[in-house]
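Secondary and tertiary structure notes
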Amino acid sequence: QVELVESGGGLAQAGGSLRLSCAASGSIFRINTMGWYRQAPGKQRELVATITRGGSTNYADSVKGRFTISRDNDKNTVYLQMNSLKPEDTAIYYCNAQLVLSPKDSWGQGTQVTVSS
């Protein structure tokens, strides 16, 4: 069992920055790849970025060059540095963890990010 708790969301102006954090607890040794997803009202949840335990990253085209995902395995925490924010980045951002030998991924409760124009 892995619990994920996001923090760092809030309000930002277009062009501004926010840094999201996701702290994991529980069976942390079962965590493999972690990532961030987001969901805007009326839209499907979409992948933002992923990172493996070894540090390999992948980004959605919409955030490439603006967002950076990182993780501290000793602290069991994953981060999302969000720069050059746009109003279309407004969404609830969810932390995700893929687990070894588990039929389900773990998800956080989400943190709201709102970007004003």
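In the block above lies the structure referred to throughout.
Just so you know, these numbers come straight off a predicted model, no measurement behind them. Throughout, a residue's number is its position along its own chain's written sequence, starting from 1. Given that the model is predicted, a residue must reach a pLDDT of at least 70 before its local features are reported, and side-chain atom pairs must reach 80 or more before they are shown or counted; all residues, however, enter totals for whole chains, interfaces and linings. Hydrogens and water are ignored here; the side-chain numbers use all heavy atoms of the structure.

**Some remarks on the nonpolar core**
Going by this rule: Here the nonpolar core consists of buried residues drawn from Ala, Val, Leu, Ile, Met, Phe, Trp, Tyr and Cys, with membership extended through side-chain atoms lying within 4.5 Å. When a residue's accessible area, from a 1.4 Å probe over protein chains only, is under 20% of the maximum for its type it is buried; when over 50% it is exposed; and in between it is partly exposed. Put simply, DSSP marks the helices as runs of H or I at least four residues long and the strands as runs of E at least two long, and each gets a number from the N terminus on.
Core analysis: the largest hydrophobic core is formed by 31 residues, its most contacted members being W36, L80 and Y93. Listing elements by their share of this core, those giving two or more residues are β1 (2-7), β3 (18-26), β4 (31-39), β5 (46-51), β7 (67-72), β8 (77-82), β9 (91-99) and β11 (111-116). Sort the elements by how many residues they give to this core and β9 lands first, with 5 residues.

**Here's the deal with the pattern of salt bridges**
A side chain of one charge can pair with a side chain of the opposite charge if their charged atoms are brought near each other. Cut-off, in case you're wondering: The term salt bridge refers to a side-chain nitrogen of Lys or Arg lying within 4 Å of a carboxyl oxygen of Asp or Glu.
One pass over the structure, following the stated rule, counts 4 salt bridges. A salt bridge links D89 to R38; the shortest N-O distance between them is 2.9 Å. Here D89 is found in the loop between β8 and β9, whereas its partner R38 is found in strand β4, with 51 residues between them in sequence. A relative accessible area of 1% places D89 in the buried class. Taken together, the salt bridges that share partners define one network made up of R38, E46, R66 and D89.

**Brief notes about the sheet that holds β3**
For clarity, the cut-off: For two strands to be treated as a pair, DSSP must find no fewer than two bridges joining them. Note on method: axes are straight lines fitted to C-alpha atoms, helices fitted across the in-contact stretch only, with angles between N-to-C directions ranging 0 to 180 degrees.
Read across the sheet, 4 strands follow the order β1-β3-β8-β7 without closing on themselves; strand pairing throughout is antiparallel. Bordering the open sheet on either side are β1 and β7, each of which pairs with just one other strand. Pairs of neighbouring strands in the sheet enclose a mean axial angle of 15°, with direction left out of account.

**Thoughts on unusual backbone geometry**
The backbone phi angle of N76 is positive, close to 55°, even though this residue is not glycine. Assignment of secondary structure puts N76 in the loop between β7 and β8. If you check the backbone angles, L101 has positive phi at about 55° while not being a glycine. Mapped onto the secondary structure, L101 falls in the loop between β9 and β10 (106-107).

**Some thoughts on the packing of aromatic side chains**
Counted only if it meets this: Any Phe, Tyr or Trp ring, taking Trp's six-membered ring, that has another such ring centre within 6.5 Å forms a pair; planes under 30 degrees apart are called stacked, those over 60 apart edge-to-face, and the others tilted. Comment: the charge-over-ring label is applied if NZ (Lys) or CZ (Arg) is within 6 Å of the ring centre and within 35 degrees of the ring normal.
Summed over the entire model, instances satisfying the criterion amount to 1 aromatic pair. For the ring pair Y37 and W107, a centre distance of 5.0 Å and an interplane angle of 65° mean the geometry is edge-to-face. Of this pair, Y37 sits in strand β4 while W107 sits in strand β10, placing them 70 residues apart in sequence. Look at Y37 and you get buried, because its relative accessible area is 19%. The exposure class of W107 is partly exposed, given its relative accessible area of 36%. Its guanidinium or amino end placed over the ring of Y94, R45 lies 3.8 Å from that ring's centre, counting from NZ or CZ.

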